[in-house]
There are 6 protein chains.
Amino acid sequence: MPRCVVTRRMHFNAAHRLFNPRVSDAENERIFGACSNPNYHGHNYNLDVSVEGDIDPVTGYVLDIARLKDIVTERLVRHLDHKNLNLDVPWFQDLNPTAENIAVVCWRVLAPAVAPARLAHIRLWETERNYVDYEGT
Amino acid sequence: MPRCVVTRRMHFNAAHRLFNPRVSDAENERIFGACSNPNYHGHNYNLDVSVEGDIDPVTGYVLDIARLKDIVTERLVRHLDHKNLNLDVPWFQDLNPTAENIAVVCWRVLAPAVAPARLAHIRLWETERNYVDYEGT
Amino acid sequence: MPRCVVTRRMHFNAAHRLFNPRVSDAENERIFGACSNPNYHGHNYNLDVSVEGDIDPVTGYVLDIARLKDIVTERLVRHLDHKNLNLDVPWFQDLNPTAENIAVVCWRVLAPAVAPARLAHIRLWETERNYVDYEGT
Amino acid sequence: MPRCVVTRRMHFNAAHRLFNPRVSDAENERIFGACSNPNYHGHNYNLDVSVEGDIDPVTGYVLDIARLKDIVTERLVRHLDHKNLNLDVPWFQDLNPTAENIAVVCWRVLAPAVAPARLAHIRLWETERNYVDYEGT
Amino acid sequence: MPRCVVTRRMHFNAAHRLFNPRVSDAENERIFGACSNPNYHGHNYNLDVSVEGDIDPVTGYVLDIARLKDIVTERLVRHLDHKNLNLDVPWFQDLNPTAENIAVVCWRVLAPAVAPARLAHIRLWETERNYVDYEGT
Amino acid sequence: MPRCVVTRRMHFNAAHRLFNPRVSDAENERIFGACSNPNYHGHNYNLDVSVEGDIDPVTGYVLDIARLKDIVTERLVRHLDHKNLNLDVPWFQDLNPTAENIAVVCWRVLAPAVAPARLAHIRLWETERNYVDYEGT
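Here the structure is a predicted model, which is why all the values come from computation and not from measurement.

Peer 1: Explain the overall build of chain A to me, using residue names and the numbers behind them.
Peer 2: Scanning chain A from terminus to terminus reveals four helices and five strands. Starting at the N terminus and ending at the C terminus, chain A contains elements arranged as β-α-β-α-β-α-α-β-β. Dimensions along the principal axes, computed over C-alpha positions, put chain A at roughly 60 × 25 × 25 Å. Residues counted as buried form 61% of the 137 residues belonging to chain A. Just so you have it, chain A exposes about 5600 Å², and 50% of that area is on carbon and sulfur atoms.

Here it is as structure tokens:
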């Protein structure tokens, strides 16, 4: 069976600030500058979720992309969309919501959820010009 | 002299919530749903600023677009970027930061700032699929 | 009250062929070429729906864009998405589904549906490089 | 010689339906839902074709991208553009035209056609939010 | 007959420099800065050409967009694509190739070429963030 | 520590011609056609710069993307933007500025500049439809 990768682009809007509670406010300000604004700022995040597998000979699918969309919406997006990542989302209670850390969280939530397909790749777009790729390593 | 319109696309990231302090919390929740999350959410806003004028026969410009960019950055974007619109921006102290109202604020700030060119059009993109146009009327 | 225009981008996938049943097959072939393939071809259509109105002083909205999305989905998109425009959609039973005619149909369906807001503009993208604008005239 | 990958984005418009003739109509309906509409629907497909090779020291090219465009047009796109994949394209006579299977067909057609360059990657965009990657495995 | 506007997006790559031969080199440097580099720089221009007319009841077209594409290619794009606007294009022999002036030239070339359709609008994109609109006034 | 890849999209405008001084003018014309216009043409280049590393547990960053932007601007983009690659940029004094060769130059300049992060990937977009990937091999 040919083996390929299927990707669905999802999106969510969220507020965040970059802040490490284990260092001082002055240190946060020095490291993160405007991104550490105590009143938060926000983004339209795009998230490309890629799963890899053999093409099923009956369906011609690796994974029905409508089902992939439903899984990601239910397990991930509804917990992030129109939220404040620092205040509303338990995954970031003790984790600074940089694009890098958000990508890792997305991976950890989605990898078991898409089984038996294999989560192959996560790309998180924070802006049209900044994105992070993570493959679970 | 031919007369045309020159546009510069700008962008800023901000947090906001939709909230009208003159009605009850329950009414805000009913009208705005998830957009009224008390902890805020956010967007990557794109803003297309259009100015109209005769083409200057010496420069071939309506308005040097590098100068337009500087004006919009200085007068508008630096007050909005990486901010919480509700908490950090005086223009929204008593104004609900819907896309419509943000567009009107942008117009009022920019119209005098681009003179003697004429501000012709403002398009504010809240997401890749939602935008508002305002022409000062 | 300031008056502005709010736009929501919608999308649908459909098959069609360009064909005028009142002229001969040879004439259809001559006029429409590959676009007249009897077995159909198809497009990912994007549709920008723009409504104009005063900004409501209570909500800060011209029209809640979530409600606009619901109206367009219910009244228009669910009748077009994943359909064959020539065979499945009564609006095109006697009308050639060119981009121009699709735009006019969208207008006629949506204009009464968005009242009391005023439908201001329809932009139908047939491809990333071809689009049609219609304002009801 | 440095070794790199050169990509050309191509596009074609086509109708299709998802349908496996070896299972019942009811089963097709259950698996594919609206995508199995007997009258077809359609897409604007984008296809990113990537070839890998050493940079030729005389031309500075891996493969002249104008020539890559001509090869893909002649060998692949003219057989798919403005077609019904199920009815008009022999490659899908016995193969369900899911995005996965279309990507595999594109690979099999193009891999020998771009030699001696090596076909490195195929990305097929079915919509702006759904795409499939295939590398011949 | 309903009346609408049909747009085709075209593109061309060209080199240029901003330079007014009637003022001194120092003055050109002061006005145009890096854009006046004597060795030129360049752009991927996108050009949206919009024509307005009644929808023809036989064809369902305002103007066959394939024919519009051919007209613009033949009359305009082949004279600009892969050219140096200042040196290779007679239209700019005595005209500074700012985006504004290029838009006016496009209008003057295309307005008679698309008759009896009416040229309605020209949008010239110099970069993804800068564009000029011209309507022949 | 999780290991991921962070990308910043940069852009620059430049003129170039494809020309190998070691072969005859006729041969250049034969190989490169319109791309070899002696008066140059130009592009809006986009450059995606990707760096890989462990996520720093204090900052949550692989590399502060604002710093990545500054490094690429200072070391690379200010030498290319609004330049003629053949005439103004020493890196191409003896190297034909094809997209492939520009990508290799970008790599060689940036790889030491982003240390101790590892430069992982360069994608150079010459147009919206043509791009080159290079990973230093």
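Further notes follow.
Peer 1: Could you give an account of the interface of chain D and chain C, with specific residues and numbers?
Peer 2: Taken residue by residue, the interface counts 21 residues in chain D and 21 residues in chain C. Carbon and sulfur atoms make up 45% of the surface buried where chain D meets chain C, a total of about 1600 Å² over both sides. Summed over the three residues of chain D that lose the most area to chain C, namely Asn39, Asn44 and His82 of chain D, the buried surface amounts to 35% of that side. Our count for the contact surface shared by chain D and chain C stands at zero salt bridges. Where chain D meets chain C, there are 19 residue pairs in polar contact (both at pLDDT 80 or more). The leading source of residues in the side of chain D that touches chain C is strand β2 (residues 41-54) of chain D, at five residues. Split into classes, the residues belonging to the side of chain D that touches chain C amount to six nonpolar, eleven polar and four charged.

Peer 1: Pulling in residues and values, what's your account of the interface of chain B and chain C?
Peer 2: The partner chain C presents 20 residues to the 19 residues of chain B that form the contact. Where chain B abuts chain C, roughly 1700 Å² becomes buried across the two surfaces, and 50% of that area is made up of carbon and sulfur atoms. A per-residue breakdown of the area chain B buries against chain C is headed by Glu100, Arg129 and Tyr131 of chain B, which together make up 38% of the total. The tally of links from chain B across to chain C stands at zero salt bridges. Our count for the contact surface shared by chain B and chain C stands at ten residue pairs in polar contact (both at pLDDT 80 or more). Elements supplying a minimum of two residues to the side of chain B that touches chain C: α1 (25-32), α4 (99-113) and β5 (130-134) of chain B. Per element, the largest residue contribution to the side of chain B that touches chain C is five residues, and it comes from β5 of chain B.

Peer 1: If you had to explain the relation of the copies chain D and chain C to someone new, which residues and values would you point to?
Peer 2: The transform that puts chain D on chain C rotates by 180 degrees and translates by 0.0 Å along the axis, for an RMSD of 0.0 Å. Here the two chains are linked by the operation of a two-fold rotation axis. Residue by residue, 100% of the interface of chain D is reproduced at the interface of chain C, so both copies engage with the same surface.

Peer 1: Tell me about the arrangement of the chains, and please be specific about residues and values.
Peer 2: The two partners chain A and chain C share no contact, and the minimum distance between any of their C-alpha atoms is 14 Å. These two, chain D and chain E, are apart from each other, with no contact and a minimum C-alpha gap of 14 Å.

Peer 1: Would you mind going over helix α1 (residues 25-32) of chain D in detail, with residue names and values included?
Peer 2: All names here are of chain D. Listed in full, the buried residues belonging to α1 are Asn28, Ile31 and Phe32. Along the axis of α1, the buried residues cluster in a sector spanning 75 degrees; they form a single face. Pointing more than 90 degrees away from the buried face of α1 are the exposed residues Ala26, Glu29 and Arg30. Downstream of α1 by one or two residues, Gly33 has phi in the positive range, about 55 degrees.

Peer 1: How would you explain the relation of the copies chain B and chain C if you had to name every residue and give the values?
Peer 2: At an RMSD of 0.0 Å, chain B and chain C line up after a rotation of 120 degrees and a shift of 0.0 Å along the axis. Such values leave the two copies arranged in the relation of a three-fold axis. The rotation axis passes nearest to the C-alpha of Glu128 of chain B in chain B, at a distance of 8.6 Å.

Peer 1: Could you give me a rundown of the side chain of Asn84 of chain B, with the residues and numbers involved?
Peer 2: Considering the arrangement of structural elements, one finds Asn84 of chain B in strand β3 (residues 83-84). Within the local environment of Asn84 of chain B, its side chain forms a polar contact with the backbone oxygen of Asn39 of chain A, the two atoms lying 2.8 Å apart. Of note is the side chain of Asn84 of chain B, whose polar atom sits 3.0 Å from the backbone nitrogen of Asn86 of chain B. Here Asn84 of chain B is in contact with Asn37, Asn39 and Tyr40 of chain A together with Ala15, Tyr40 and Val89 of chain B, once residues within four sequence places are set aside.

Peer 1: Account for the environment of Leu119 of chain E, naming residues and giving values.
Peer 2: Residues and elements named next belong to chain E. Assignment of secondary structure puts Leu119 in strand β4 (residues 118-125). For the pair Leu119 and Thr7, spaced 112 residues apart in the sequence, the C-alpha separation amounts to 10 Å. When neighbours within four sequence positions are excluded, Leu119 is seen to be in contact with Val49, Ser50, Val51, Trp107, Leu110, Ala111 and Val114.

Peer 1: Account for a negative patch on the surface, with residues named and values stated.
Peer 2: On the surface, a cluster of negative charge is contributed by Glu128 of chain A, Glu128 of chain B, Glu128 of chain C, Glu128 of chain D, Glu128 of chain E together with Glu128 of chain F. Mapping Glu128 of chain A onto the fold places it in the loop between β4 (118-125) and β5 (130-134). Glu128 of chain A sits in the partly exposed class, given a relative accessible area of 47%.

Peer 1: Explain the packing of helix α2 (residues 65-80) of chain E against helix α4 (residues 99-113) of chain E to me, and be specific about the residues and the numbers.
Peer 2: Residues and elements named next belong to chain E. Remark: α2 packs on α4, axes separated minimally by 10 Å, with the N-to-C direction vectors making an angle of 135 degrees. One way to sum up the angle between α2 and α4 is to call them oblique. In the packing of α2 onto α4, the handedness of the crossing is right-handed. Where α2 abuts α4, its residues Ile71, Val72, Arg75 and Leu76 lie against Cys106, Val109, Leu110 and Ala113. Split by residue class, the contact of α2 with α4 holds seven nonpolar, no polar and one charged.

Peer 1: Residue-level account of the pattern of salt bridges, with values.
Peer 2: According to the stated counting rule, one finds 48 salt bridges over all chains in the structure shown. Measuring nitrogen to oxygen at the nearest pair gives 2.7 Å for the salt bridge that ties Asp48 of chain F to Arg9 of chain F. Taken as a pair, Asp48 of chain F in strand β2 (residues 41-54) and Arg9 of chain F in strand β1 (residues 3-16) lie far apart in primary sequence, 39 residues in all. Across this residue pair, the class does not change: Asp48 of chain F and Arg9 of chain F are buried. Through salt bridges with shared partners, a single network forms among Arg3, Glu52, Asp54 and Arg118 of chain A.

Peer 1: I'd like a description of the packing of aromatic side chains, backed by residues and values.
Peer 2: One pass over the structure, following the stated rule, counts 24 aromatic pairs over all chains. Measuring from centroid to centroid gives 5.0 Å for Phe12 of chain A and Tyr45 of chain A, while their planes differ by 20 degrees, and the two rings are stacked. Placement of the pair is Phe12 of chain A in strand β1 (residues 3-16) and Tyr45 of chain A in strand β2 (residues 41-54), with a sequence separation of 33 residues. Like Phe12 of chain A, the residue Tyr45 of chain A is buried in the burial classification. Ring centres 4.4 Å apart and planes at 45 degrees place the aromatic pair Trp125 of chain D and Tyr131 of chain D in the tilted group. By relative accessible area, which is 6% here, Tyr131 of chain D ends up buried.

About the thresholds
Residues numbered from 1 in each chain as written. Chains lettered and ligands numbered in written order. Predicted model: local features only at pLDDT ≥ 70, side-chain atom pairs only at ≥ 80, totals over all residues. Heavy atoms only, no water. Helix = DSSP H or I, 4+ residues; strand = E, 2+ residues; numbered from the N terminus. Buried < 20%, exposed > 50% of the residue type's maximum accessible area, 1.4 Å probe, protein only. Areas by Shrake-Rupley, 256 points an atom, 1.4 Å probe, with all protein chains shown as cover. Contact = heavy atoms within 4.5 Å. Buried area = accessible area lost by both parts, 1.4 Å probe. Salt bridge = Lys/Arg side-chain N within 4 Å of Asp/Glu carboxyl O. Polar contact = N/O pair within 3.5 Å; in protein donor to acceptor, adjacent residues only side chain to side chain. Nonpolar A, V, L, I, M, F, W, Y, C, P; charged D, E, K, R; others polar. Least-squares fit on C-alpha atoms with pLDDT ≥ 70 in both. Arc of directions from axis to C-beta. Patch = residues over 30% accessible without salt bridge, like charges linked within 9 Å, V, L, I, M, F, W, Y side chains within 5 Å. Lys, Arg positive; Asp, Glu negative; His and termini not counted. Charge placed at Lys NZ, Arg CZ, Asp CG, Glu CD. Axes fitted to C-alpha atoms, helices over the stretch in contact; angles between N-to-C directions. Parallel < 35°, antiparallel > 145°, perpendicular 65-115°, else oblique. Left-handed = near helix turned anticlockwise from the far one by under 90°. Phe/Tyr/Trp six-rings, centres within 6.5 Å; stacked < 30°, edge-to-face > 60°.

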